[in-house]
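Given next are the chains, with one letter for each unit.
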Amino acid sequence: PNDMIDAMTVKMMTAAALAVSGAAAGQYQASQLTKREEMIAELISGIRLFRNEIYYTHDRLERVARRLTSSCSGCCVSLFSEFQDQLNHCRGRDTETMWRSSVENVFGRRPPLKDSDRLALMSAGLRLGRDDIEGQCRYLEKTAEELEVRLLEARKEKESRSRLYKTLGLTAGCAAAILVF
């Protein structure tokens, strides 16, 4: 009988662990939706700060990027720091390529940003260093507006899928727990 209790206790603990693991997985997926929304909002602010720095200071992009690393927050700090490094160490490459490399190096193909978010962000580099100040600023504003569309999309996705992921995670964990018995 003692072995029976021990085996039953192990099964119960395993079932509980599976249920908790499923719930945690669902919670993680839901948190990725929130994280994407926050990152896009940070990027919009960062791009607008970038635009303002270019417009009002007429400074070199290396100096603008350096200032932005201390005045931005979140993921923008990494982005502008990488862009500054690219500008300082990759002489001879065009600014668009350096911006694209910076976006890829910082965000890669990892979640929570989607490919469409990264492509919108990469488009900010198309006119950097090629147009006059006003042209560069217009294009940066266009990028910020595109990111705002992505932000609305992220909010809708979070509203519709966050609860779904949490429920599915818990349900999958409970289903696995039932299979243990």
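To keep things clear, this report deals only with the structure shown in the data block. Please read all numbers here as calculations on a predicted model, not as lab measurements. (Residues numbered from 1 in each chain as written. Predicted model: local features only at pLDDT ≥ 70, side-chain atom pairs only at ≥ 80, totals over all residues. Heavy atoms only, no water.)

## Notes on the overall build of the protein
Part 1 of the argument: Looking only at helices and strands, the protein features 6 helices and 0 strands.
Part 2 of the argument: Secondary structure elements of the protein occur, N-terminal to C-terminal, as α-α-α-α-α-α.
Part 3 of the argument: Scaling as 2.2 N^0.38, a compact globule of 181 residues should have a C-alpha radius of gyration of about 16 Å, whereas the protein reaches 23 Å, well beyond that.
Part 4 of the argument: Overall, the C-alpha framework of the protein stretches about 85 × 35 × 25 Å when taken along its three principal axes.
Part 5 of the argument: Counting the 181 residues in the protein, one finds 39% classified as buried.
Part 6 of the argument: Of the roughly 10,300 Å² of accessible surface on the protein, a fraction of 56% belongs to carbon and sulfur atoms.
Part 7 of the argument: Counting 27 positive and 25 negative side-chain charges, the protein places the centres of these two groups 1 Å from one another. (Helix = DSSP H or I, 4+ residues; strand = E, 2+ residues; numbered from the N terminus. Rg over C-alpha atoms; globule rule 2.2 N^0.38 Å. Buried < 20%, exposed > 50% of the residue type's maximum accessible area, 1.4 Å probe, protein only. Areas by Shrake-Rupley, 256 points an atom, 1.4 Å probe, with all protein chains shown as cover. Lys, Arg positive; Asp, Glu negative; His and termini not counted. Charge placed at Lys NZ, Arg CZ, Asp CG, Glu CD.)

## Let's talk about the nonpolar core
Part 1 of the argument: Of all hydrophobic cores here, the largest spans 37 residues; its most connected members are L43, F50, I54, W99, F107 and L121.
Part 2 of the argument: Of all the secondary structure elements, the ones that give two or more residues to this core are α1 (2–57), α2 (61–71), α3 (75–89), α4 (95–107), α5 (115–122) and α6 (133–180). (Core = buried A, V, L, I, M, F, W, Y, C linked by side-chain atoms within 4.5 Å.)

## Considering the packing of α5 against α6
Two quantities define a packed helix pair, namely the angle between the helix axes and the distance between the axes.
Part 1 of the argument: Direction vectors running N to C along α5 and α6 enclose 165 degrees, while the axes themselves pass 9 Å from each other. If you check the angle between α5 and α6, you find them roughly antiparallel. Crossing of α5 against α6: the hand is left-handed. Two secondary-structure elements touch here, α5 through S116, D117, A120 and L121 and α6 through T143, E146, L147, R150 and E153. (Axes fitted to C-alpha atoms, helices over the stretch in contact; angles between N-to-C directions. Parallel < 35°, antiparallel > 145°, perpendicular 65-115°, else oblique. Left-handed = near helix turned anticlockwise from the far one by under 90°. Contact = heavy atoms within 4.5 Å.)

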